[in-house]
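What follows is each chain in one-letter form.
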Amino acid sequence: MSLLTTNGLVKHFGGLTAVNDVNLSIEENETLGIIGPNGSGKTTLFNLLTGFFLPSSGKVTFQGRDITRLSPERRVSMGMVRTFQLVSVFNSLKVWENLVPCITWSNKLNQSFWKFLTSSAYNTWDSAKEILELVELEGYAQVVTAELSYGDRRLLEIALSLSLKPKLLLLDEPFSGLSDVEITKVLSLLKTLKGKVTIAIIEHKISAIVDFIDRLSVMNEGHIICEGGPSEVLRDSLVNECYWGKEETFEVERQSETSFDRAQNSSF
Ligand SMILES: Nc1ncnc2c1ncn2[C@@H]1O[C@H](COP(=O)(O)OP(=O)(O)O)[C@@H](O)[C@H]1O
Ligand SMILES: [Mg+2]
C-alpha cells in the first residue's frame, strides 16, 4: 500500500486550472523528486496534499485514510510535514525557541497528558538541543534567528519539520536562494534521512537531486506528464519538449548537469 495517493486531483483558481487530474503515489520510505517549469502547479499540489487548499475535485489518501477534507494540523499529527518555498521560521525568536511549539505538539501526541505535564519543561530544551545538533546549529541556539544566514534558516526549518517526527516530509524547493556550499550542507542532511523518512522534494536544479531521488515526476501545466526512474524520465521526449519546446532527447549526463538546469533556470 502506498503511503500517499491522489486520485483525479484538480484545483481551479477562477478560470485557471493549476492542478489537473493528478494521480500521484508516494511509496513508504522512497524519495520522490518533483520537477516542472515555473507555474506548472508543483506548490499548489503540495498545498492540496497538506490541506492548505481544498481541491476543486479529487481525493487524497494517506495511510489508507481519506484525508481530502482534513485540516493541515490533523495531517501534521498523522505525520505529514512540509517546508515552504520561502523559508518559514520565526525570525524574531531565538533559534532554539523556534522549536518549542513543534516539540510541545509532538510530545502531546506521543505522551500521556500526565507525563507531558510533569516532564515537558525539562524535555523541551533537551529535545531542542538534540534536534539542533542533528542539523549542526547547536552553536546558534541562543542567537536571534534573523541573524542566521538563509542557508542556516533553511536548516532550522528542516529541524522544525523533524521535531514533528514526520512519516512524510514534503520539501518545496529547499535549495532555492542557497549558495553551492549551503546546498551541499542541506543535501547532506537530507541524505541522512533518506530511507528513514518518506521524502517528496520539489526542486528546479535537477543536478542537485538526480543522485538523491529514487523516482522522478515531471509536472507541466497542472499535469504529471512523466514519472519513473530519474535517468529514464530525463530522456523522455515529452519532458524534453516541455523544457525545450521541441522533440529532442539529450544525454542524461548533459541534461542533469547543464542543459536541464539552464532550461529550468530560464523558466523560473
Ligand atoms: N493562491 C493562488 N491563487 C491564484 N492562483 C494561484 C495561487 N497559487 C498558485 N496559483 C497559480 O497556479 C499556477 C501554479 O502555480 P504554482 O503551484 O505556484 O506553480 P509552481 O510551484 O510549479 O511554480 C500558477 O499559474 C499560479 O499563478
Ligand atoms: Mg512553487
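Higher on the page you've got the structure.
As the structure is a prediction and not an experimental result, all values here were calculated from the model.

Student: Mind showing me how you'd approach the sheet that holds strand E8 (residues 168–172) here?
Tutor: Paired through backbone hydrogen bonds, the strands of a sheet run either parallel or antiparallel to each other. Across the sheet, which stays open at both edges, the six strands sit in the order E7-E8-E9-E4-E10-E11 with mixed pairing between neighbours. Unpaired on one side and paired on the other, strand E7 (80–82) and strand E11 (223–228) mark the two borders of the sheet. Looking at each pair of strands side by side, their axes are set apart by 20° on average, direction ignored. Where strand E4 (residues 31–35) and strand E10 (residues 215–220) come together, four bridges link them in parallel fashion. Among the inter-strand pairings, Ile-35 is bridged to a residue of E10, identified as Val-218. In the packing of helix H1 (residues 42–50) onto the sheet, contacts are made with E4, E7, E8, strand E9 (198–202) and E10, and the angle to E8 comes to roughly 150°.

Student: Quick question: what am I supposed to make of the nonpolar core here?
Tutor: Grouped burial of nonpolar side chains is what soluble globular proteins tend to show. The biggest cluster of nonpolar side chains holds 50 residues, and the ones touching the most others in it are Leu-99, Leu-132, Phe-175, Leu-190, Ile-201 and Phe-212. Taken together, domain 1 (1–79 + 167–268) and domain 2 (88–165) each give at least three residues to this core, which thus spans both. Excluding its chain neighbours within four sequence positions, the residues that come into contact with Leu-99 are Ala-128, Ile-131, Leu-132, Ala-159, Leu-160 and Ser-163. The next biggest cluster of nonpolar side chains, apart from the first, holds 24 residues, and it includes Leu-4, Val-60, Leu-70 and Ala-200.

Student: Before we go on, may I ask you to explain the coordination of the magnesium ion (ligand 2) in this structure?
Tutor: In a perfect tetrahedron of four donors around a metal, the angles come out at 109.5 degrees. In a perfect octahedron of six, they are 90 or 180 degrees. Protein coordination at the magnesium ion (ligand 2) comes from Thr-43 (OG1) and Gln-85 (OE1), with a distance range of 2.1 to 2.3 Å. One end of the pair, Thr-43, is in helix H1; the other, Gln-85, is in the loop between E7 and helix H3 (100–110), with 42 residues separating them in the sequence. Thr-43 sits in the partly exposed class, given a relative accessible area of 26%.

Student: I'm lost on the packing of helix H5 (residues 150–163) against helix H6 (residues 180–193) in this one. Help?
Tutor: Relative orientation and spacing of two packed helices are given, respectively, by the angle between their axes and the distance between those axes. At a minimum axis distance of 9 Å, the contact between H5 and H6 shows a crossing angle of 15°. With respect to H6, the axis of H5 lies roughly parallel. The handedness of the crossing between H5 and H6 comes out as right-handed. Of the residues in H6, those in contact with Tyr-150, Gly-151, Asp-152, Arg-154, Leu-155, Ile-158 and Leu-162 of H5 are Glu-182, Lys-185, Val-186, Leu-189, Leu-190 and Leu-193. Considered class by class, the residues forming the contact of H5 with H6 number eight nonpolar, one polar and four charged.

Student: Help me understand the site of ligand 1, please; the structure alone is not making it clear to me.
Tutor: Close to ligand 1 lie Phe-13, Leu-16, Ala-18, Pro-37, Asn-38, Gly-39, Ser-40, Gly-41, Lys-42, Thr-43, Thr-44 and Phe-53, which account for all nearby residues. At 3.2 Å, a side-chain N or O of Asn-38 approaches an oxygen atom of ligand 1. Between ligand 1 and Gly-39, the relevant distance is 2.8 Å, taken from an oxygen atom to a main-chain nitrogen or oxygen of the residue. Expressed as a share of its isolated accessible area of 560 Å², the protein-covered part of ligand 1 is 62%. Of all the secondary structure elements, the ones that give two or more residues to the shell around ligand 1 are strand E2 (16–22) and H1. Top contributing element to the shell around ligand 1 by residue count: H1, with three residues. Among the residues forming the shell around ligand 1, the class breakdown is five nonpolar, six polar and one charged.

Calculation criteria
Residues numbered from 1 in each chain as written. Chains lettered and ligands numbered in written order. Predicted model: local features only at pLDDT ≥ 70, side-chain atom pairs only at ≥ 80, totals over all residues. Heavy atoms only, no water. Pairing = 2+ DSSP bridges. Helix = DSSP H or I, 4+ residues; strand = E, 2+ residues; numbered from the N terminus. Axes fitted to C-alpha atoms, helices over the stretch in contact; angles between N-to-C directions. Contact = heavy atoms within 4.5 Å. Core = buried A, V, L, I, M, F, W, Y, C linked by side-chain atoms within 4.5 Å. Buried < 20%, exposed > 50% of the residue type's maximum accessible area, 1.4 Å probe, protein only. Domains from an automatic or database assignment. Donors = N, O, S within 2.8 Å, 3.2 Å for Na, K, Ca; no water. Parallel < 35°, antiparallel > 145°, perpendicular 65-115°, else oblique. Left-handed = near helix turned anticlockwise from the far one by under 90°. Nonpolar A, V, L, I, M, F, W, Y, C, P; charged D, E, K, R; others polar. Near = heavy atom within 4 Å. Polar contact = N/O pair within 3.5 Å; in protein donor to acceptor, adjacent residues only side chain to side chain. Areas by Shrake-Rupley, 256 points an atom, 1.4 Å probe, with all protein chains shown as cover.

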